[in-house]
Amino acid sequence: MNKKNMLIAIILLALVVAVVFLFWQDISKEGNDNQKANITLEKAEDYLSNKENEKAIEAYNSLLEQGAPSQDIFIGLGVAHFNNLQYQEAKNYFYRAIVIDSSNNQKRSKAYSYLALIAEREKEWDLAMEYSLRAKDLFFQNTTPDVYFPPEFSMILINCAIEKGDVDMAEKYIAEMESSTIKLSPEYKALILKQKGLIAIHRGNYQLAREYFSNALQSLDNLSRQTDKSDVKYGMVISLFGLGEYEEVINFTNQEKEDFFSNGSLDLVRSSIYSVGVSNIKMDNLEKAEELFDRTQRIRLSLHPNYFYEHFAYAALVHYSNGILAIAKNDKDQALLSFEKAVEVIDQISPRKYETFSFSQSATIKFIDLLSLYELANLSGNQEIIQKANNLVDSLSAEELNFVSTRRVGNGGSIIEKIRESRI
């Protein structure tokens, strides 16, 4: 074959390939178009209910391409992204579902409910409560008497009220749940017991808290989230510690075959480790106490940089705990150094930063500050330090004063009374 014929053959082959490719592309496009046309809202919802979130997102987006947007599509996309922990994308779709022109208040209520869940997870307590209340108001518009507000969203109101330090409001929402005509599942009954226990701790009623957590412990199998199971156990530890039952605290934690502090809310993990650590000091198990306080330090170092409050709270408590341990070891110099560091950490918190904390967070930081100042003043004999502690007490709001007064440090009484009665 000469060069001319070879060139013609190559050109013809290229044309054939191009025609085949274009034909295949048309067939493929037609197939894709047919496949998209076969996507229905029911199919997208099936994907979502089966937790096939990526397929659900693809299906809902196909529906968007086919016609006018709807609340069902936007809510479906929001829920799918929520399940994937893609909160910003989820929020965008829920906002679109809310503003779309529709008289369906139930769907708008659902969108607000999910926005409340996201705000709660992002620790935006006020926003979470606002969204929950909007969801609740919309939910009960044009409903029949036998319709009830989903308990998972009522729990948001309870959780946020506790975080904000408004335990009266939390108790109000608990009473609403318990008086509702809905038959609560064993899981929600256990969650309510947990919340009642946390409220009792907040009020300083450790005996009542112990009773609630003891009942909740019997329902652990009914709790689906490991975090909730761990929080119930931590609540029990804190309650026993507040009652001065140090040996029982240690025995309770020793019953666990797995790592006792591997799950749970950061605040409760921190308080629980401290409770077990000091209980070991009381029982003269100093090595175990040191091991636990080292655990607190490791948790602090592993925290995400955006967890501002947690960094301050963990750092201050690490230094304070090490100071208590140093006293038990008769190491006055180390104790002084540790308490000084605890105070220094808290002094770094600006007023603007305090404004980002919830009530319980702010009050807890001030509580640790008072503990550290009191011990530092006792060891140094410095009247200026005890005066600084008294000034801090004077600056507390009525709610903060009540919060701090009811806390017990190893059954040693109220830190407020200790500071006021100091003779340094």
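Here's a quick rundown of the structure. (Residues numbered from 1 in each chain as written. Predicted model: local features only at pLDDT ≥ 70, side-chain atom pairs only at ≥ 80, totals over all residues. Heavy atoms only, no water.)

**Some words on the overall build of the protein**
Right, so step 1: Scanning the protein for helices and strands turns up 22 helices and zero strands.
Right, so step 2: Counting the 424 residues in the protein, one finds 46% classified as buried.
Right, so step 3: Long-range contacts, defined here as pairs at least 24 residues apart, represent 60% of the contacts in the protein between residues at least 6 apart.
Right, so step 4: About 22300 Å² of surface is accessible on the protein, with carbon and sulfur atoms providing 50% of the total. (Helix = DSSP H or I, 4+ residues; strand = E, 2+ residues; numbered from the N terminus. Buried < 20%, exposed > 50% of the residue type's maximum accessible area, 1.4 Å probe, protein only. Contact = heavy atoms within 4.5 Å. Areas by Shrake-Rupley, 256 points an atom, 1.4 Å probe, with all protein chains shown as cover.)

**Looking at the packing of helix H3 (residues 53-66) against helix H4 (residues 71-83)**
Right, so step 1: Packing of H3 against H4 leaves a shortest axis separation of 9 Å and a crossing angle of 155°. It follows that H3 is roughly antiparallel to H4 by the angle criterion. As for the relative orientation of H3 and H4, their crossing is left-handed in sense. Of the residues in H4, those in contact with Asn53, Ala56, Ile57, Tyr60, Asn61, Leu63 and Leu64 of H3 are Asp72, Ile73, Phe74, Gly76, Leu77, Ala80, His81 and Asn83.
Right, so step 2: Taken together, the residues of the contact of H3 with H4 break down into nine nonpolar, five polar and one charged. (Axes fitted to C-alpha atoms, helices over the stretch in contact; angles between N-to-C directions. Parallel < 35°, antiparallel > 145°, perpendicular 65-115°, else oblique. Left-handed = near helix turned anticlockwise from the far one by under 90°. Nonpolar A, V, L, I, M, F, W, Y, C, P; charged D, E, K, R; others polar.)

**A short note on the pattern of salt bridges**
Right, so step 1: Enumeration according to the criterion identifies 21 salt bridges in this entry.
Right, so step 2: Between Lys123 and Glu310 there is a salt bridge whose closest N-O contact spans 2.4 Å. Taken together, the residues span a long stretch of sequence, with Lys123 in the loop between helix H6 (105-121) and helix H7 (125-139) and Glu310 in helix H16 (residues 308-328) at a distance of 187 residues.
Right, so step 3: Across the pair Asp168 and Arg203 runs a salt bridge whose closest N-O atoms are separated by 2.8 Å. (Salt bridge = Lys/Arg side-chain N within 4 Å of Asp/Glu carboxyl O.)

**As for the environment of Gln226**
Right, so step 1: For Gln226, the position within the fold is in helix H12 (residues 226-242).
Right, so step 2: Residue Gln226 is classed as partly exposed on the basis of its relative accessible area of 38%.
Right, so step 3: Distance from Gln226 to Asn263, taken between C-alpha atoms, is 6.9 Å for residues 37 residues apart in sequence.

**Examining the environment of Leu376**
Right, so step 1: Inspection of the secondary structure assignment puts Leu376 in helix H19 (residues 359-380).
Right, so step 2: Taking relative accessible area as the criterion, Leu376 reaches 8% and is therefore assigned buried.
Right, so step 3: Setting aside anything within four residues of it in sequence, one finds Leu376 in contact with Leu336, Phe339, Glu340, Val343 and Ile385.

**Some remarks on helix H15 (residues 286-302)**
Right, so step 1: Compared with the 24 Å implied by 1.5 Å per residue over 17 residues, the 25 Å span of H15 between its first and last C-alpha is a close match.
Right, so step 2: Along H15, the residues classified as buried are Leu286, Ala289, Leu292, Phe293, Arg295, Thr296 and Ile299.
Right, so step 3: Buried residues along H15 sit against helix H14 (266-282) and H16. (Expected span 1.5 Å × (residues − 1).)

**With respect to the nonpolar core**
One broad trend across soluble globular proteins is that nonpolar side chains are buried collectively.
Right, so step 1: Counting residues in each nonpolar core, the largest one holds 133 residues, and the members touching the most others are Phe94, Leu370 and Ile415.
Right, so step 2: Not counting residues within four places of it along the chain, the set of residues in contact with Leu370 comprises Ala389, Leu392, Val393, Leu396, Val404, Ile415, Ile416 and Ile419. (Core = buried A, V, L, I, M, F, W, Y, C linked by side-chain atoms within 4.5 Å.)

**A look at the environment of Ser414**
Right, so step 1: Examined against the element boundaries, Ser414 turns out to sit in the loop between helix H21 (398-405) and helix H22 (415-420).
Right, so step 2: Sequence-wise, Ser414 and Val404 are ten residues apart; in three dimensions their C-alpha atoms are separated by 7.7 Å.
Right, so step 3: Filtering out sequence-adjacent residues up to four positions away, Ser414 remains in contact with Ser405, Arg407 and Arg408.
Right, so step 4: One polar contact links the side chain of Ser414 to the main-chain amide nitrogen of Ile416, over a distance of 3.2 Å. (Polar contact = N/O pair within 3.5 Å; in protein donor to acceptor, adjacent residues only side chain to side chain.)

**Details of the packing of H16 against helix H17 (residues 332-347)**
Right, so step 1: In the contact formed by H16 and H17, the axes pass within 7 Å of each other and the chain directions differ by 165°. Taken together, the axes of H16 and H17 are roughly antiparallel relative to one another. The handedness of the crossing between H16 and H17 is left-handed. Facing Phe312, Ala315, Ala316, His319, Tyr320, Asn322, Gly323, Ile324, Ala326 and Ile327 of H16, the residues of H17 in contact are Gln334, Ala335, Ser338, Phe339, Lys341, Ala342, Val345 and Ile346.

**Re the packing of aromatic side chains**
Right, so step 1: With the rule as written, the count across this model stands at 16 aromatic pairs.
Right, so step 2: When the centroid spacing of 6.4 Å and the interplanar angle of 25° are considered together, the rings of Phe74 and Tyr93 count as stacked. Taken together, the residues Phe74 in helix H4 and Tyr93 in helix H5 (residues 87-99) connect sequence positions 19 residues apart. Each member of the pair, Phe74 as well as Tyr93, carries the same accessibility label: buried.
Right, so step 3: With 5.8 Å between their ring centres and 35° between their planes, Tyr112 and Tyr131 make a pair best called tilted. In this pair, Tyr112 sits in helix H6 while Tyr131 sits in helix H7, placing the two residues 19 residues apart along the sequence. (Phe/Tyr/Trp six-rings, centres within 6.5 Å; stacked < 30°, edge-to-face > 60°.)

Don't take any of this as a statement about function, it's just geometry.
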